[in-house]
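Architecture and fold: a report
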Amino acid sequence: MGIFRKLAWFFRLQKRRYLVGVVFLVLTAFTNLVIPRSIGQFADWANQHQLTWPRLGILLGLITIAGLLQYWFRYIWRNQIWGGAADLERQLRGKLFQHYLAMDDTFFKRHRIGDLMARCTNDISAVQNVAGVGILTLADSIITGGTTIIAMIVLVNWKLTLIAILPLPFLALMAKVLGDKLHANFAKSQAAFAQLSNKTQESMTGIKVIKTLGQEEADIADFNKKVEQTININRHVNRVDALFDPLTSIIIGLTYVITIVYGSHLVLQKQITIGQLIAFVGYINALIWPMFAIGRLFNVLERGNASYDRIQALLAETALVQEPAQAQLVPAQPDLVVDIQSFHYPDSQQLVLQKINFQLPFGKTLGIVGRIGSGKSTLVKLLLRRFDNYQGQITLGGIDLRKLQLDSLRASFSYVPQENFLFSTTIENNIRFGNYQSPKQLVIAAAQVGAIDPDIAKLPAGYQTMVGEKGMSLSGGQQQRLALARALLPQPAILILDDSTSALDAKTEVKINHNLRQLKTAQSKIIISQRLRSVMDADEILVLDQGKIIQRGRHAKLIQTTGWYAQMWQRQQLNLQK
Ligand SMILES: Nc1ncnc2c1ncn2[C@@H]1O[C@H](COP(=O)(O)OP(=O)(O)OP(=O)(O)O)[C@@H](O)[C@H]1O
């Protein structure tokens, strides 16, 4: 019952809806009594040769009215209670999704996507069941069960009632015991399902790698193994479930036998009429479902409770980066000043950045180069405030990043990462992403700077061409250029290109660099690249190695020195000549 306490916030919000639902459940329970009672009366009148057409008419009228009212009452409570359950689902789904979006990299490292999706599907359904089937069963068991037993005692005979309902609590007990077994297996089935969705998601995401390495057969075998495991567990669940029905029939059968044997005895003793006995059988019929449901109720509540805890555990995880109270907006045309003493990722002790300091006045360009793994992308993550746990300070427009509004901070940067993500919608929507109000000319202008406009013009549906999932229908270079156009459209204060032209040929890259230089919109640029050609026009270039700046200055100065930059420049020039 703890789950009802945990969901008290929701039931308080939906008080009216649930109250109306329960009132109509009570009315349904009362109309439920009319039909057996009328049939019993019919039997008595028939038995006593007192049945007349008008009397038959009254009974049929009563049964019809009770049936119609029941239809209407059921319609109302179903709408109210199921509506409430659907609303709980909507709220939990919304909360979880919003939470996922607010989380940082470490969260997604801790939880696999398949698990996160399972929480959004199976766990939410289990909690939703509490607010739907759970509430219905609880109210129905108490209300229908209670009114039926009272009717049996008052309208028929208390001794017969007591003896006849004796086996019914076993029905509830059995439902609970088997339910527990079912629950344990259900947890295994949930885990197997989560593994299967992890596997499916990984295979779908990595489909290109699987095909390239010719691993289709191995992957299919692995997938089939997981499907087999899931089916086996579900088979076991079904076997336990299948035990339930025959046992139910035995207990219900026993109840009828007792009722008929002892009831007939009472009829022969003239303590009750034959009509009362017939009505009584009708009441027993009405009582079976509430008893049966009580046992199942425990499972619904337990399952819901476990799932609610799992959802809450996720929701309780806080993002590493929090917005302070009274956060400030980024000033217009901000200068960027970086002074990082040291940084390590939260889940590792390895120092990834040390003594990184530079200034990027508004409108200037900074180039960052260096060996792979030297910390270039990590530096960008700190600028975008994906991590906060560094020693030192970063200011934008003179304000510490940690004091800025997150939305305002992120709107100041446009970041084109090494690996782009395109959405399965049109090319235009991919460029517009988040900037749906921008006029079409600006979309085209961004595509022109990104040198993707000529490619789009060649497509049959132009800007309205659908991009396959993850940009499947575009080449790697086209995807990179589309991502660049998307980053340019909002005209951010600082544009960050993180090796974002790696898939382009030299000619296209030169063209894009030229377009970027010609941009009329003033903005700062941070260009990270393996190709020194991309940064040679920068106002300052930083060379990183093992998280430290080992060289800095302008291109002309750096090629004069004997360090990494000059060596790399010569090597790349030679490669170009080949
Ligand atoms: N999320 C993370 N958690 C722990 N360590 C990480 C994480 N991301 C990167 N690292 C480590 O930080 C170091 C710097 O990585 P980073 O990606 O910043 O290098 P990079 O210079 O951008 O490399 P590349 O040129 O290959 O993109 C590497 O040793 C890497 O293994």
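Scope of this entry: the structure provided in the associated data block. Here the structure is a predicted model, which means the values were calculated and not measured. (Residues numbered from 1 in each chain as written. Predicted model: local features only at pLDDT ≥ 70, side-chain atom pairs only at ≥ 80, totals over all residues. Heavy atoms only, no water.)

1. So, the sheet that holds strand β8 (residues 524-528)
Spatially, six strands are ordered β6-β7-β8-β3-β9-β10 in an open sheet, and the strand pairing comes out mixed. This sheet does not close on itself; its edge strands, each paired only once, are β6 (413-416) and β10 (548-553). When strand polarity is set aside, the average angle formed by the axes of neighbouring strands in this sheet is 15°. Relative to β8, strand β3 (residues 365-370) runs parallel, the two being bridged by four bridges. When the bridges of β8 are listed, Ile-368 appears paired with Ile-528. Contacting β3, β6, β7 (494-498), β8 and β9 (540-545), helix α12 (residues 376-383) crosses the sheet at an angle of about 140° to β3. (Pairing = 2+ DSSP bridges. Helix = DSSP H or I, 4+ residues; strand = E, 2+ residues; numbered from the N terminus. Axes fitted to C-alpha atoms, helices over the stretch in contact; angles between N-to-C directions. Contact = heavy atoms within 4.5 Å.)

2. A word on empty space enclosed by the protein
Enumeration over the complete set of coordinates arrives at two cavities of 30 Å³ or more. The calculated volume of the largest cavity comes to roughly 60 Å³. Those elements giving two or more residues to the lining of the largest cavity turn out to be α18 (506-518) and β8. Looking at the lining of the largest cavity element by element, the count peaks at four residues for α18. Partitioned by chemical class, the residues of the lining of the largest cavity number five nonpolar, five polar and one charged. By volume, the second largest cavity is sized at about 40 Å³. Every residue along the wall of the second largest cavity is listed here: Ile-427, Ile-452, Asp-455, Ile-456, Leu-459, Leu-474 and Gln-478. Its residues assigned to classes, the lining of the second largest cavity shows five nonpolar, one polar and one charged. (1 Å grid on protein atoms, 1.4 Å probe; cavity = no way out; pocket = protein on both sides within 12 Å on 5 of 7 lines; lining within 4 Å. Points joined across faces, edges and corners; volume = space filled by probe spheres on them. Nonpolar A, V, L, I, M, F, W, Y, C, P; charged D, E, K, R; others polar.)

3. As for a nonpolar patch on the surface
On the surface, Ile-150, Ile-153, Val-154, Leu-155, Trp-158, Leu-162 and Ile-163 cluster together into a nonpolar patch covering about 690 Å² of accessible area. Contributing elements (two or more residues each) for the nonpolar patch: α6 (113-155) and α7 (158-164). Among the elements that line the nonpolar patch, the one with the most residues is α6, at four residues. The topology assignment puts Leu-155 in helix α6. (Patch = residues over 30% accessible without salt bridge, like charges linked within 9 Å, V, L, I, M, F, W, Y side chains within 5 Å. Areas by Shrake-Rupley, 256 points an atom, 1.4 Å probe, with all protein chains shown as cover. Salt bridge = Lys/Arg side-chain N within 4 Å of Asp/Glu carboxyl O.)

4. Side note on the site of the ligand
The environment of the ligand is made up of 15 residues, and the closest members are Gly-373, Lys-376, Ser-377, Thr-378 and Gln-418. The separation between an oxygen atom of the ligand and a polar main-chain atom of Ser-374 is 3.0 Å. One of the side-chain N or O atoms of Gln-418 is found 2.6 Å from an oxygen atom in the ligand. Looking at which element gives the most residues to the shell around the ligand, the answer is α12, with four residues. Of the residues belonging to the shell around the ligand, the class tally is three nonpolar, eight polar and four charged. (Near = heavy atom within 4 Å. Polar contact = N/O pair within 3.5 Å; in protein donor to acceptor, adjacent residues only side chain to side chain.)

5. Brief notes about the pattern of salt bridges
What the rule picks out here adds up to 21 salt bridges. One salt bridge connects Asp-545 with Arg-371, and the closest N-O pair in it is separated by 3.4 Å. Of this pair, Asp-545 sits in strand β9 while Arg-371 is found in the loop between β3 and α12, placing the two residues 174 residues apart along the sequence. Between Arg-533 and Glu-509 there is a salt bridge; the shortest N-O distance is 2.7 Å. Taken together, the residues Arg-533 in the loop between β8 and β9 and Glu-509 in helix α18 connect sequence positions 24 residues apart. A network of salt bridges, in which partner residues are shared, links Lys-199, Asp-219, Asp-222 and Lys-226.

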